[in-house]
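Descriptive structure summary
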Amino acid sequence: MKKKVLNILTLLLCLLLALGATASAASAESPGFAVTILRDGAAVQHINIGDVITVRVDVTSSQAGLSYAGVQATLQYDVDCFTLTDEPSSAIGGTTSSDPAAGTIRLARFGSQLQLTGGKAEVLTFQLTATAASSSTSLISLSGGKVTSYDGTALCSGATAQPTLAIHDLTVTFQPDAAKGKLNGGTNTVVAHVRYGEAGLYTDSTYSTRFTVPTVTTNTDVTKESGWRVADSDTLWKPDGGSPTSAASIASSTFTEDKSFTAQYTAIWRVDFKVAAEDAAKGQLLVGGTPAAAPFLIADSGAVLKAADIPVPDPASVNTSSPYKFSHWTGGSLSGTAASPAGETITKATTYTAHDRGAGQRGRGPRGEPDHRRARVRSSWPGAGEVHAPGAA
């Protein structure tokens, strides 16, 4: 009796295993639907306004040579984001219909038996044009999908996977620091359009006319006053949460989200040089060997003055019969009887004053001040040209 029960249990277990294997095989072999979005022949999940896409529906199966005779399916697309560009067609001779107002495409086919070769068969295609951006990724869907055998037996129902698609209208915004300067001589912000994941800036979402990165100007007269100058070209634009970069780099970059860039500026300070009021009759300052009544230069914040930037005190030329001698400089962080402001770091508007003394007075004399040819801190600024020599008005 025990042996009989054991045999029955063994038989039942084998039967359950066989049924499980059959069900698993049937599941693996059952056909389904695959919906693919194509742009220029390549599958995509991100497109731009104005793009034309092809929606292709395939019947798929892992079973080689699967026979089927009937196919039906309904495709739905978002009419707020697409217009139907090309009527649907069926490669298997099915009947197709469209309702552009409702955004529906239908396929129905039943006839002679077909063989599914290569794992899939195209059953429906149609074209749409993207007309509006959308953050949704469920803009196209398949419903009511059914594949049947010649005798009407259902082989599958529904889509294997719904397509994922997003429509973009990405922009890159350029803005000034309004307290420091302007764009294109006055525009507050300038907006460029970009295609998702593709380099290039455009004037609008037709993507037909190239966009020129705006010109940055400053509110400061950089030739004669403290304030702000436009930053160097390679660090002119700073993205939100990023490091400054150049206009050329932005134009060659790709974007997958909206981006904003702010124009960058560098603080500049006016540095004046003068002869002490009480010594005005005793000497003067020379720039490039020429007397300069009020020489000055414009320096970037943090710049260090060099010997070549400092005008040369020249007391002897004022009164040759009873000459005076240069004594020292004061101003900035200088202390005592400093021979020169060279080495000073400029962090604010500063005036350096030259002091002279009588020939018989004790004091610090000149220590090989260089022949002055041009006082400058920077050789050129973007858009500003050469920096003036001290004494320029």
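Keep in mind that what you see is a predicted model, and the values were worked out from it rather than measured.

Section: the overall build of the protein
Along the backbone of the protein there are 2 helices and 28 strands. When each of the 393 residues of the protein is scored for burial, the buried share is 40%. Contacts in the protein between residues at least 24 apart in sequence constitute 70% of all its contacts with a sequence separation of at least 6. Approximately 19700 Å² of the protein is accessible, and the part contributed by carbon and sulfur atoms is 51%.

Details of the nonpolar core
Counting residues in each nonpolar core, the largest one holds 36 residues, and the members touching the most others are Phe33, Ile53, Leu75, Phe82, Phe126, Leu128 and Ile140. Those elements that provide at least two residues to this core are strand 1 (32-39), strand 4 (52-60), strand 5 (66-77), strand 6 (82-89), strand 8 (104-116), strand 9 (120-130) and strand 10 (140-148). The residues contacting Phe82, other than those within four sequence positions of it, are Ile47, Ile53, Tyr77, Leu128, Thr129, Ala130, Thr131, Leu139, Ile140, Leu165 and Ile167. Leu170, Ala192, Leu236 and Phe261 belong to the second largest nonpolar core, which has 21 residues in total.

Focus on the sheet that holds strand 24 (residues 312-314)
Taking strand neighbours across the sheet as the criterion, the 3 strands line up as 22-21-24 in an open arrangement whose pairing is antiparallel. Two strands bound the open sheet, and with one partner strand each, they are strand 22 (290-292) and strand 24. Averaged over all pairs of adjacent strands, the angle between their axes in this sheet comes to 50°, without regard to strand direction. Sheet analysis places strand 21 (residues 284-287) next to strand 24, joined by 3 bridges and oriented antiparallel. From the neighbouring strand, Gln284 faces strand 24, where its bridge partner is Asp314.

As for the sheet that holds strand 2 (residues 42-43)
Spatial ordering of the open sheet is given by 2-1-4-9-6, a layout of 5 strands whose pairing is antiparallel. The outermost strands of the open sheet, each flanked by one partner alone, are strand 2 and strand 6. Here 2 bridges tie strand 1 to strand 2, and the two strands are oriented antiparallel to one another. The residue bridging Arg39 from the neighbouring strand is Ala42, located in strand 2.

Considering the environment of Lys274
Assignment of secondary structure puts Lys274 in strand 20 (residues 265-275). A relative accessible area of 43% means that Lys274 is categorised as partly exposed. When the C-alpha positions of Lys274 and Thr353 are compared, they lie 4.9 Å apart, and in sequence the two are 79 residues distant.

Some details on the packing of aromatic side chains
When we look at a pair of aromatic rings, we describe it by the centre distance and by the angle of the planes. Here the structure, examined in full by the defined rule, presents 9 aromatic pairs. Both rings, one in Tyr202 and one in Tyr207, keep their centres 5.7 Å apart while their planes meet at 85°; by these two values the pair is edge-to-face. Classification of Tyr202 as buried rests on a relative accessible area of 10%. Measuring from ring centre to ring centre gives 6.5 Å for Phe255 and Phe261, while their planes differ by 85°; the resulting arrangement is edge-to-face. Ring-pair connections join several aromatic residues into one group, and the members of that group are Phe174, Phe211, Trp237, Phe255 and Phe261. For Arg195, the ring lying beneath its charged end belongs to Tyr207, and the centroid distance is 5.2 Å. Against the face of Phe296 rests Arg270, its NZ or CZ located 3.7 Å from the ring centre.

What to know about the pairing of strand 1
Counting buried positions over the 8 residues of strand 1 gives 7, a clear majority of the element. Inspection of the sheet shows strand 1 paired to strand 4 by 7 bridges, in the antiparallel sense. Residue Ile37 lies in a different strand from strand 4, and its bridge partner there is Val55. Turn length for the strand 1-strand 2 hairpin, with the two strands adjacent in sequence and antiparallel, is 2 residues, and the turn residue Asp40 shows positive phi of about 55°.

Reading the values: rules and limits
- Residues numbered from 1 in each chain as written.
- Predicted model: local features only at pLDDT ≥ 70, side-chain atom pairs only at ≥ 80, totals over all residues.
- Heavy atoms only, no water.
- Helix = DSSP H or I, 4+ residues; strand = E, 2+ residues; numbered from the N terminus.
- Buried < 20%, exposed > 50% of the residue type's maximum accessible area, 1.4 Å probe, protein only.
- Contact = heavy atoms within 4.5 Å.
- Areas by Shrake-Rupley, 256 points an atom, 1.4 Å probe, with all protein chains shown as cover.
- Core = buried A, V, L, I, M, F, W, Y, C linked by side-chain atoms within 4.5 Å.
- Pairing = 2+ DSSP bridges.
- Axes fitted to C-alpha atoms, helices over the stretch in contact; angles between N-to-C directions.
- Phe/Tyr/Trp six-rings, centres within 6.5 Å; stacked < 30°, edge-to-face > 60°.
- Lys NZ or Arg CZ within 6 Å of the ring centre and 35° of its normal.

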